[in-house]
Amino acid sequence: MTTTLEKIINIIAPHRCVMCSNENNLLCETCAISLNQAYGSQCFVCGRDSQKYLPCKDCAADSALTGLYALGSYQAPLTKLVKGLKYHGTRQFAEDAAAALRRQVAVATESLPPLVTHVPTTNRRERQRSYDQAGLFAKAFASQTGLAHHSFLRRNGNIRQVGADRNGRFAQAETMFSARRGVQLAGRDVLLFDDVFTTGASMFRCARLLRDAGAGSVTGVVIARKDSVPAA
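Residues numbered from 1 in each chain as written. Predicted model: local features only at pLDDT ≥ 70, side-chain atom pairs only at ≥ 80, totals over all residues. Heavy atoms only, no water.

Participant: Please clarify how the nonpolar core should be interpreted in this entry.
Facilitator: Here is a general trend for soluble globular proteins: nonpolar side chains tend to be buried in one another's company. Residues Leu27, Leu78, Phe93 and Ile223 are the most contacted members of the largest nonpolar core, which totals 36 residues. Secondary structure elements with two or more residues in this core: α2 (29–38), β1 (67–73), α4 (78–87), α5 (92–102), α7 (133–145), β5 (189–197) and β6 (217–225). Ignoring anything within four residues of it in the chain, the contact list for Leu78 reads Leu27, Leu35, Leu71, Gly72, Ser73, Phe93, Ile223 and Ala224. Formed by 27 residues, the second largest nonpolar core is a distinct cluster that contains Ala64, Leu68, Leu153 and Ala207. (Core = buried A, V, L, I, M, F, W, Y, C linked by side-chain atoms within 4.5 Å. Buried < 20%, exposed > 50% of the residue type's maximum accessible area, 1.4 Å probe, protein only. Helix = DSSP H or I, 4+ residues; strand = E, 2+ residues; numbered from the N terminus. Contact = heavy atoms within 4.5 Å.)

Structural data, given as structure tokens:
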């Protein structure tokens, strides 16, 4: 997933963990584990206490999203790393985040392995960055686990949600995404990747589209989660 130039630079001047300064990773395995252990457990719909990664019993029936894995809260050092990935071309963090979450995500292997997809960014942003950060993250995870990545979803237009309030984000998300033509998931489980879970508007809408296309379950996987989800 990293470019040849990035690989050469990493040999000459290896990345260092932002927490402990060990070489070769922007976030090493030990620090990733410590971040996740410190991460609280709450329902990703209403914000109340719940079992980790799952919605509470009151919200589970109404959520198209089956669960939500996050490396940690959207605060330092994850804020710095996510911004580096999104705005400064720090592609290596997609690999490191995928490796860290690979140890957490309980991949169901009882039937067919889950499929991997992502919440797409705008075409304009992808052209500016030369990559889609959520797509880069999802593809890194798929490559590391041997799972299949597919671009099941399409972003409509170039509307950005940055700066919009909660109600505005949910209203925008209704028309912002669509399933690609011919997507039929026939009961397959799907892992849905994004960089940050803020209000959940994008992920909830994308999960609903995947469920409408026949997905058996849709589990979200994000690098970081903002913990300001208001109680419903």
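Participant: So what exactly am I meant to see when it comes to the environment of Lys57 here?
Facilitator: Considering the arrangement of structural elements, one finds Lys57 in helix α3 (residues 57–60). The spatial distance from the C-alpha of Lys57 to the C-alpha of Cys43 is 9.1 Å, given a sequence separation of 14 residues.

Participant: Would you mind going over the packing of aromatic side chains with me for this structure?
Facilitator: The geometry of an aromatic ring pair is captured by the separation of the ring centres together with the interplanar angle, meaning the angle of the planes. This model, assessed by the stated rule, comprises 7 aromatic pairs. Note on Phe141 and Phe193: the rings are 5.0 Å apart at their centroids and 50° apart in plane angle, and the pair reads as tilted. Highlighted residues: Phe141 in helix α7 and Phe193 in strand β5, separated in sequence by 52 residues. Note on Phe197 and Phe204: the rings are 5.8 Å apart at their centroids and 85° apart in plane angle, and the pair reads as edge-to-face. Relative accessible area serves as the criterion here: at 17%, Phe204 is assigned to the buried category. An aromatic cluster is present here, built from Phe44, Phe170, Phe197 and Phe204 joined pairwise through their rings. (Phe/Tyr/Trp six-rings, centres within 6.5 Å; stacked < 30°, edge-to-face > 60°.)

Participant: So what exactly am I meant to see when it comes to the packing of helix α8 (residues 166–176) against helix α9 (residues 201–212) here?
Facilitator: Helix-helix packing is described using two parameters, namely the angle between the two axes and the distance between the axes. α9 packs onto α8 with a crossing angle of 30° between their chain directions and a minimal axis gap of 8 Å. By the criterion of interaxial angle, the relationship of α8 to α9 is roughly parallel. Note on packing geometry: the crossing formed by α8 with α9 is right-handed. Packed against α8, whose contacting residues are Arg169, Phe170, Ala173 and Glu174, the element α9 presents Ala201, Ser202, Phe204 and Arg205 at the interface. (Axes fitted to C-alpha atoms, helices over the stretch in contact; angles between N-to-C directions. Parallel < 35°, antiparallel > 145°, perpendicular 65-115°, else oblique. Left-handed = near helix turned anticlockwise from the far one by under 90°.)

Participant: Looking at this model, I keep getting lost on the packing of α5 against α7. Mind explaining?
Facilitator: Axis separation between α5 and α7 bottoms out at 8 Å; the angle between their running directions is 55°. As summarised for this structure, α5 and α7 are arranged oblique, according to the angle between their axes. Like other packed secondary-structure pairs, α5 and α7 cross with a definite hand, here right-handed. Here Ala94, Glu95, Ala97, Ala98, Ala99, Leu101 and Arg102 of α5 lie close against α7, whose contacting residues are Leu136, Phe137, Ala140, Phe141, Gln144 and Thr145. Here the residues of the contact of α5 with α7 are counted per class, giving 9 nonpolar, 2 polar and 2 charged. (Nonpolar A, V, L, I, M, F, W, Y, C, P; charged D, E, K, R; others polar.)

Participant: Whenever I open this one, the sheet that holds β1 confuses me. Can you help?
Facilitator: The pairing of strands in a sheet comes from backbone hydrogen bonds and takes either a parallel or an antiparallel form. Reading across from one edge, β1-β6-β5-β2 is the order of the 4 strands in this open sheet, with parallel pairing throughout. Two strands in the sheet have a free side with no partner beyond their single neighbour: β1 and β2 (115–118). With direction set aside, neighbouring strand axes in the sheet form an average angle of 20°. On top of the sheet, α4 reaches β1, β5 and β6; it is set at about 105° to β6, its chief contact. Contacts from α9 reach β1, β2, β5 and β6 within the one sheet, and its direction differs from that of β5 by about 165°. (Pairing = 2+ DSSP bridges.)

Participant: Looking at this model, I keep getting lost on α7. Mind explaining?
Facilitator: For the α-helix, the turn length of 3.6 residues means that residues three or four positions removed from each other point alike. In this model α7 runs 19 Å from its N-terminal to its C-terminal C-alpha over 13 residues, within 8% of the 18 Å that 1.5 Å per residue would give. Regarding α7, the residues found buried are Gln133, Ala134, Gly135, Leu136, Phe137, Ala138, Ala140, Phe141 and Ala142. Buried positions along α7 lie against α4, α5, β2, α6 (123–129), β5 and β6. Between the side-chain oxygen of the N-cap and the backbone nitrogen of Ala134 there are 3.0 Å, and the N-cap of α7 in question is Asp132. (Expected span 1.5 Å × (residues − 1). Polar contact = N/O pair within 3.5 Å; in protein donor to acceptor, adjacent residues only side chain to side chain.)

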